[in-house]
Amino acid sequence: MSEATIDALIAASLPPGESSRLADRVERLPDPAGALRALQVFRAETGRLPDPSRLPNFLALAGFSPYLASLLIQEPAFLDSLPPGGPTREPRTREDLEEDLARFMQLNSGCEPSLVLRRFKKREILRIALSDILRMTDLPGVTRDLSLLADVLVDRAVRMARTSLDARYGRPTCRDDQGHLDEATFVVVALGKLGGEELNYSSDIDLLYLFSRDGETSGRDLSGEGSTSNREFFTRLATEITRLIAGTGPEGQVFRIDLGLRPGGKDGDITVSLQAALAYYRNWAEGWERQALIKARPASGCLAAGRRFVEGVEPLVYPARPDPYTILEIGAMKDRIDARLSSEGRSDTDIKLGRGGIRELEFGVQALQLQHGGKDPWLRQGNTLLALHRLADKGFLGYEEYSGLSKAYVFLRELEHRLQLGQNRQTSTLPADAGELRRVARRMGLHEQAPGREVEALLEALDLHREVVRRFYDSVTGAVAQARLEDERDDLWLDRMDDETLRERLLRSGIADPIAALRPVKLTRKLLQQAAAAPETRRALRKSGPALLTAVGRSGNPRRALENLERLFSSLAAEKQGLLSLLSHREILGPTVHLLGRSDFLAGILIRRPDILRTLEDRGRIVRTPARADYLRTLGRILRHKGDARARAAELRRRHQEALATLAIRDINRQATLREVLKGLSDLAEATLEVTVRLARQGLGGPGRAAPPGLRLAALGLGRLGYREMDYGSDLDLVFVDEARPGSAALRSLTRVWCERIVRNLSSLSRDGQLYRVDLRLRPSGGEGDLIMSVEGLVDYFRDTAEVWEMQSFLKARPVAGEPALGGRAAQTLETLILERGSHLGTDVLRAAVNDMRQRLVQEAQRDARRSVKLGAGGLFDIHFIIEFLQLRHGVPNPPDKDTLRLLTHLHRLGYLSETAMQALYEAYLFFRALDHEMRLIHQRPLDRLPEDDIRLAEIAAAIGASSAPVGEMAAHLRETFERHTQAVRRAYGETIGPFTGRPRG
Amino acid sequence: MRKPPDVLKLVKDSDIKIVDLRFMDMPGLWQHFSVPAHELTEGSFEEGFGFDGSSIRGFQAIHESDMLVVPDAESAFVDGFTEVPTLDLICNVVDPVTKERYGRDPRGIAQRAENYLQYSKVADTAYFGPEAEFFIFDDVRFDQNAHSGFYYVDSVEGQWNSGKDERPNLGYRPRHKEGYFPVPPHDHFQDLRSEMVLNLERAGIQIEAHHHEVATGGQMEIDMRYDSLTRAADHVVMYKYIVKNTAIKRGRTVTFMPKPLFGDNGSGMHCHQSLWKGGKNLFAGDGYGGFSPIGLHYIGGLLKHSPALAAIIAPTTNSYKRLTPGFEAPVNLAYSRRNRSAAIRIPMISTSPAAKRLEYRPPDPSCNPYLAFAAMLMAGLDGVENKIDPGKPLDKDIYGLGPKELKEIPSLPGSLDEALNHLERDHEFLLKGDVFTEDNIRMWIDYKREREVNPMRLRPHPYEFALYFDI
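Numbers given to residues run from 1 along each chain, matching the order in which its sequence is written. Each chain gets a letter, beginning with A, and each ligand a number, beginning with 1, in the order they are written. Under the rules for a predicted model, residues below a pLDDT of 70 receive no local features and side-chain atom pairs below 80 are neither given nor counted, while totals for whole chains, interfaces and linings still include all residues. The side-chain values count all of the structure's non-hydrogen atoms but skip hydrogen atoms and water molecules.

Engineer: Which residues make up the overall build of chain A, and what are the values?
Structural biologist: Secondary structure elements are defined from DSSP: runs of H or I of at least 4 residues count as helices, runs of E of at least 2 residues count as strands, and each element is numbered from the N terminus. Regarding its fold elements, chain A presents 44 helices and 13 strands. A principal-axis box enclosing the C-alpha atoms of chain A has dimensions of 110 × 75 × 65 Å. Across the 1002 residues of chain A, 58% fall into the buried class. Note that accessible areas follow from Shrake-Rupley with a 1.4 Å probe, and for residues the cover is restricted to the protein chains shown. Working note: accessible area of chain A is about 41300 Å², and carbon and sulfur atoms make up 51% of it. This count recognises Lys and Arg as positive and Asp and Glu as negative, with His and chain-terminal groups excluded. For charged residues, the charge sits on one atom: NZ in Lys, CZ in Arg, CG in Asp, CD in Glu. Looking at charge distribution, chain A has the averaged site of its 147 positive side-chain charges lying 4 Å from that of its 139 negative ones. The cut-offs for exposure are 20% and 50% of the maximum accessible area for each residue type, with area from a 1.4 Å probe on protein chains only; residues under the lower value are buried, those over the upper are exposed, and the others partly exposed.

Right under this line is the structure:
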């Protein structure tokens, strides 16, 4: 812009008298014309000029960036909030800012809250920018102020979102390690630039939402109405926070939020529990995900919980012995970025991602931190400049190098800010337009230092700084690669090694009992050495071997992990390229080993079906536990498959195994609570049953003919299926019903064949496994009764013949497959009938009958120690007997979505179960269920009796969430807890049903 | 494979009048009942035939006695011993209401074991080649009551008849343990065995050889070709049926009792075993005796579980009179190429990989072959799945192995009672894949104790009079 035009503009825009005073100031602005144009618009919009005392501020901001100018024009009041002489030099504290925000909110209390947040942000941006432009704050100060602003705004959003949710669901509660009731808390962990307190004007904020523990909310009132799972509660909270901050409206967003770094990435749950997050980073996360945690910082919400998270991941981010490949992967990642940039022709113009740019500096710093941070906690620092300083402190950088790098960083970040501030765009590319480039140079203040050649000065300085960064980055990644080569020692899996060395290496890898591990390790070595005859496999193994060993050392039970790993390898070795394919996917090795060490049940599936491993990554990241409809969709597809019934049944079994594996993986990763897992397994069972019912119907009419019309049946689920509490390996308790239709003997016999096929398809073991064991003995007259019964027949039976224990069993009945209307009618009619008859029987008769049956079961438990927990006094059976007794006695219909816990609270609310009894039963039930569940998951067998050896007990204790302690202690504690709950249940039984004469279990 | 229509055609073509339905009880005796041929339709192979299972040994309690047998078309064979043309069909036992396989049907257990094998992905077929030995006697009598008891067997070729005045006695009787295997006239039963072989082949069982066995008094062996587990067990049952009935037809009697003669060899049923997958013998490799690691681990499993297995594969009190040291009895739980006292021998007759197999020697023909084969497979599989090391072969340093070291090699239980105790403690490996159930094992142990071990305990033995009468 020529001098003449500027003068003209000044004269036109400024009041006479002012123009001469300000002309010089305006001319030195980066964009004098822009400033004056803004002034004109301001006047046009507001009908006035800014107050003379504020005019310098206006010109400074508007002359710097059209974006800042537009903010002033939108909200002239903002100008008044800036102190006339520019902001003070003193840094603002978090408290100051929070107070300011509170005041601002109050002033604007009539507005929509998210709008207020946006306005406050804009006001503060102006303040920070002004201080930046006037050079009253240096780059670290500016980025710190921006970060603080984000922290405070997010924190406010957390509080705002909480208020309405608390009113709706009550407060989230959980049980701590000692089982005490506690409040579950929520924290926002910042990652990326916000985590490092080095935020840009226009960066996204990288956030991670975590909650402290699974549990349930207290509900709106004492009755617990509105109670939901913590997961649900916090998911809503997280969504609401995201909406408040990142939701777009007429005035834009507060911040763009990037949640892509959360566990599971884009497919992961929006918020996960602390435990699940830790499990994820321990077992699933890839190198770069752990690298991102260098910058993790609890930012808003419950900071204490956030600190627990950061402390928990620290050993993972900075392992005592870093895996050199992690660092090589950083290099590889940068190489990919480079390739993309150069294909887009941006290698030179992108000051962030290009060669010698900000990213290389950050990666170089992080590589050094990862390499040395394990031994030197001082280096664990999320802020890049501070990290540079500390690296220099510890001698990992020379002083010259440090000084050059920190100058380069400040220069590059400032340049980035100035690129972004133009139009508030998240850009880091130098503009192609010469005029725009000149304005950028002027924003850097270069026209003051090198008048007339500011663009050249900018490019020269840029080259200089980028050269420093490039040298540093190359030396770091190169040195790491070199160090790795020198570190190449004998490979534990491949090279000759005597037992002594082997044991010693195992011990160093964190395997506490290397003697027990020796056998599986030697077997695995033998297998791998054979496989490594193929050069490709050998190379993959050399590369993956250390990761494999690390994963084993990290496993909860290295011996189990090794034994299952060896079996998995044997199974893979039998397939063409099987081993190679697993070994070359380094990112799934860790998760695989973890799963193998955690569960024999899952290992059993994976060993028979190693192909499931190939999709492991996706499976670990499924957003939510699939429900019945999802299963029905996946499994139901086979009904349309070509091929004979046998082939379709085989495909059903295969898909069923895959679904089981997926669920078990979610279970192990704590992506689902126990209650959710059991519901998931029940949904899977129902869907499998439904598909089997339909499959068995095909071809009933004879080859190629449709089944005759009117052929209908429904399956009622009893037992665990009835309560939707199926576990791994639970039997299906089923009863089949149809409608009584006189004179349709042929139809009935066809229905019978149908049932027979259903049962056969469900229960036969083939090379693809078995779907379920089916138990049909609960049907009227037990094993002798007809396989299928009409609803009317069932009703007759329950009106006259059924015994009390049968009434108890059928209280759990729930339509699970087949004709829904028919099943629903059956379940409903039976429930009414049973409750009616129960109340007619009278308390004494009921009590005698229930006690008598209980006695028989307890005697069976005494006779057969193998079944002592299930049947014995004070166990799960007692809890269910209490529920059923109370239901029968008081005629209590099942609440919707019945299960054990719901019935306990339901009976309590109705006043039939005392507070203490309910509490005792509730906790005992959770404990026994968890115990049984872990037994099945870990050892692939139900909880028949408490295992005797301490190691097993401790493993179970750890799995159900005990904090780690010496094995003996953990085992003793579990035994005590078990005994305590048993006693409590027996007491509750005595109180509710009456004295139970059975001898106590020995 | 034969299908139901093929069976109906066979009925028609052979002018069959009666169909005989057969199934196995738990202890191992073949049971049967018959229906007129017109009752057999294609539907019969799904619907089955009803019977009362309450009095079958080891089956249902009285209150749930109705059961069904469903014939297996593949098993059909024309009975060679009836005057009325009769077709025999081997059946599966199923629940009449749910049509589920009956948990205690031994043939069902065998089939479940085969399913489990496939499910385990270790192999798709297990081949069994059983070699059942037996005695042909001319006379057998036994009785025991409160005040007396005896048994008496006789054979035209029994060494003990050398001094008998037979006007004239022509001699040529095998000396004790020298029956293996001089030509006639020592061998008195060449033709009878040949007739048995022809009858067996007519029933569809392929025979590889027949010969006299070691003991005097008519000990024989006829070797069948191996087959897959359940079919091999079917063949054992058919073999016993045909051998016994051929002898009866010729006025002689056959026993598969393991140890009918004192002082000479007993009758075993060595079982050759191998696992195959995709047409490949998994036992062939380059380890000891040409064995693969899988083969050696299978051996490891068999050896480890042998004490428990004994209760199923040598399931009579009489079995343990055979399983005594000496008498070439395989009591040492080890494997070897040569040593016949080792429980497992690796035959070296052929070097072809296809012929690579092991010979497990403790079983005897008093076992229920369905249960025995299933149990052996499960033990071997346990070895494969857990990579159980079979230890060193027994013959590696056989000459250096004095009685002292031999003592360190574990041996089979000395009695049925002991074996049952072992089974009670060690049967996890049988329960995998629900092949055997707790109920099966419990029932077996209870049955054997109550019906066999205890009754034996109650009875004085004749030799006790020799030892103690004058005390």
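Continuing now.
Engineer: Can you lay out helix 11 (residues 230–246) of chain A for me, pointing to particular residues and giving the numbers?
Structural biologist: An α-helical segment advances 3.6 residues per turn. Residues three or four places apart therefore align on the same side. All names here are of chain A. A rise of 1.5 Å per residue sets the reference length of helix 11, with its 17 residues, at 24 Å; its end C-alpha atoms lie 23 Å apart and thus fit the reference within 8%. Among all positions in helix 11, only Asn 230, Arg 231, Phe 233, Phe 234, Leu 237, Ala 238, Ile 241, Thr 242, Leu 244, Ile 245 and Ala 246 are buried. Down the axis of helix 11, the buried side of the element spans an arc of 165°, and every buried residue falls inside it. Between the first and last residue of a helix there are one fewer steps than residues, each counted as 1.5 Å, and that sum is the expected span. Throughout, the arc means that of the directions going from the helix axis to the C-beta atoms.

Engineer: Explain the interface of chain B and chain A to me, using residue names and the numbers behind them.
Structural biologist: We call two residues in contact when some of their heavy atoms are within 4.5 Å. The partner chain A presents 26 residues to the 22 residues of chain B that form the contact. Summed over both partners, the accessible area (1.4 Å probe) lost when two parts come together is defined as the buried area. Both sides of the chain B and chain A interface together cover about 2200 Å² of buried area, and 43% of this is carbon and sulfur. When residues of chain B are sorted by the area they lose upon contact with chain A, Val97(B), Tyr119(B) and Lys387(B) head the list and together hold 30% of the total. Criterion for a salt bridge: a side-chain nitrogen of Lys or Arg within 4 Å of a carboxyl oxygen of Asp or Glu. At the boundary of chain B with chain A, the tally comes to three salt bridges. Notably, a salt bridge pairs Lys387(B) with Glu566(A), separated by 3.1 Å at the nearest N-O pair.

Engineer: Account for a nonpolar patch on the surface, with residues named and values stated.
Structural biologist: Patch rule: a residue counts if its relative accessible area is over 30% and it has no salt bridge; like charges are joined within 9 Å, and nonpolar side chains (Val, Leu, Ile, Met, Phe, Trp, Tyr) within 5 Å. Judged by side-chain polarity, Val140(B), Phe142(B), Tyr151(B) and Phe262(B) come together as a nonpolar surface patch covering roughly 530 Å² of accessible area. Residue placement: Phe262(B) occurs in the loop between strand 13 (253–255) and strand 14 (269–277).

Engineer: So what's going on with the sheet that holds strand 5 (residues 216–217) of chain A? Which residues, and what values?
Structural biologist: All names here are of chain A. Pairing between strands is defined by DSSP: at least two bridges between them are needed. One open sheet holds the three strands; their spatial order is 2-1-5, and the pairing between them is antiparallel. At either margin of the open sheet sits one strand with a lone partner, and together these are strand 2 (181–183) and strand 5. Both strand 1 (residues 172–175) and strand 5 contribute to a ladder of two bridges, which runs antiparallel. Within strand 5, the residue paired with Pro 172 across the bridge is Thr 217.

Engineer: Summarise the environment of Gly252(A); cite the residues concerned and give the values.
Structural biologist: Residue and element names in this part refer to chain A. Considering the arrangement of structural elements, one finds Gly 252 in the loop between helix 11 and strand 6 (257–258). Remark: the alpha-carbon pair of Gly 252 and Glu 563, spanning 311 residues in sequence, is separated by 57 Å. Residues within four places of Gly 252 in sequence aside, it is in contact with Arg 118 and Gly 247.

Engineer: Quick one: what's the story with the pairing of strand 14 of chain B, residue by residue and with numbers?
Structural biologist: Residues and elements named next belong to chain B. Within strand 14, eight of the nine residues are buried, which leaves it mostly tucked inside the rest of the structure. Of the strand pairs in this sheet, strand 7 (residues 125–137) and strand 14 are connected by eight bridges, and their pairing is antiparallel. Paired with Tyr 127 across the strands is Ser 274, a residue of strand 14. The pairing of strand 14 with strand 15 (residues 280–281) spans two bridges and is antiparallel. Bridging from a neighbouring strand, Trp 276 pairs with Asn 281 of strand 15. Hairpin connection of strand 14 to strand 15: two residues between the antiparallel strands, including Gly 278 at a positive phi of 55°.

Engineer: Describe the nonpolar core, naming the residues involved and giving the relevant values.
Structural biologist: Within soluble globular proteins, side chains that are nonpolar generally end up buried alongside one another. Ranked by internal contacts, the top residues of the largest apolar core, which has 159 residues, are Phe309(A), Phe569(A), Leu734(A) and Phe736(A). The biggest single contributor to this core is helix 32 (residues 674–697) of chain A, with 10 residues. Excluding residues that lie within four positions of it along the chain, Phe309(A) makes contacts with Val189(A), Leu208(A), Leu210(A), Leu274(A), Ala277(A), Leu278(A), Tyr281(A) and Leu293(A). We define the nonpolar core as a collection of buried residues of types Ala, Val, Leu, Ile, Met, Phe, Trp, Tyr and Cys that are connected through side-chain atoms lying within 4.5 Å of one another. Core analysis: the next-biggest nonpolar cluster, separate from the first, contains 102 residues, Trp30(B), Leu275(B), Leu371(B) and Leu420(B) among them.

Engineer: For the confidence of the model for chain A, give the residues involved together with the corresponding values.
Structural biologist: Summarising the model, chain A shows a mean pLDDT of 85, and 94% of its residues fall at 70 or more. Taken element by element, chain A is modelled with least confidence in helix 29 (residues 616–620) of chain A, mean pLDDT 59, and with most confidence in strand 3 (residues 186–191) of chain A, mean pLDDT 96. Every residue gets a pLDDT, meaning the predictor's confidence in that residue, from 0 to 100.

Engineer: Please set out the pattern of salt bridges residue by residue, giving values where relevant.
Structural biologist: Residues and elements named next belong to chain A. Scanning the entire structure with this criterion turns up 111 salt bridges over all chains. Of the charged contacts in the structure, one is a salt bridge between Glu 690 and Arg 628, with a shortest N-O distance of 3.9 Å. Separated by 62 residues along the polypeptide, Glu 690 in helix 32 and Arg 628 in helix 30 (residues 628–636) bring together distant segments of the chain. Given a relative accessible area of 8%, Glu 690 falls into the buried group.

Engineer: Summarise unusual backbone geometry; cite the residues concerned and give the values.
Structural biologist: In this chain, Arg167(B) is followed by Pro168(B) through a cis amide linkage whose omega measures -5°. The backbone of Glu197(A) sits at a positive phi, close to 55°, despite the residue not being glycine. The topology assignment puts Glu197(A) in the loop between helix 10 (192–195) and strand 4 (205–211). Of the residues examined, Glu197(A) reaches a relative accessible area of 34% and is grouped as partly exposed.

Engineer: I'd like a rundown of the packing of aromatic side chains, residues and numbers included.
Structural biologist: Two aromatic rings, drawn from Phe, Tyr or Trp (for Trp, its six-membered ring), form a pair once their centres lie within 6.5 Å of each other, and the interplanar angle then sorts them: stacked below 30 degrees, edge-to-face above 60, tilted otherwise. Following the criterion strictly, the structure yields 35 aromatic pairs over all chains and no others. Judged by centre distance (3.9 Å) and plane angle (25°), the rings of Tyr180(B) and Phe181(B) are stacked. On the accessibility criterion, Phe181(B) (46% relative accessible area) is partly exposed. Taken together, Tyr169(A), Phe186(A), Tyr209(A), Phe211(A), Phe233(A) and Phe234(A) form an aromatic cluster joined through their ring pairs. Only lysine NZ and arginine CZ atoms are considered, and such an atom sits over a ring when it is within 6 Å of the ring centre and within 35 degrees of the ring normal. In this structure, Lys121(A) is placed above the aromatic ring of Phe255(A), and the distance from its NZ or CZ to the ring centre is 4.6 Å. A cation over an aromatic ring shows up here: Arg22(B) above the ring of Tyr241(B), its NZ or CZ 4.1 Å from the ring centre.

Engineer: So what about the packing of helix 8 (residues 113–133) of chain A against helix 9 (residues 139–169) of chain A? Which residues, and what values?
Structural biologist: All names here are of chain A. To get an axis, fit a line to the C-alpha atoms, keeping to the stretch in contact for a helix; angles then go from 0 to 180 degrees between the N-to-C directions. As a packed pair, helix 8 and helix 9 sit with axes 10 Å apart at the nearest point and diverge in direction by 170°. When the axes of helix 8 and helix 9 are compared, the pair comes out roughly antiparallel. The segment helix 8 lies against helix 9, with Pro 113, Leu 117, Phe 120, Lys 121, Glu 124, Ile 125, Ile 128 and Asp 132 engaging Val 142, Asp 145, Leu 146, Leu 149, Leu 153, Arg 156, Ala 157 and Met 160. When an angle is under 35 degrees it counts as roughly parallel; over 145 it counts as roughly antiparallel; between 65 and 115 it counts as roughly perpendicular; any other value is oblique.

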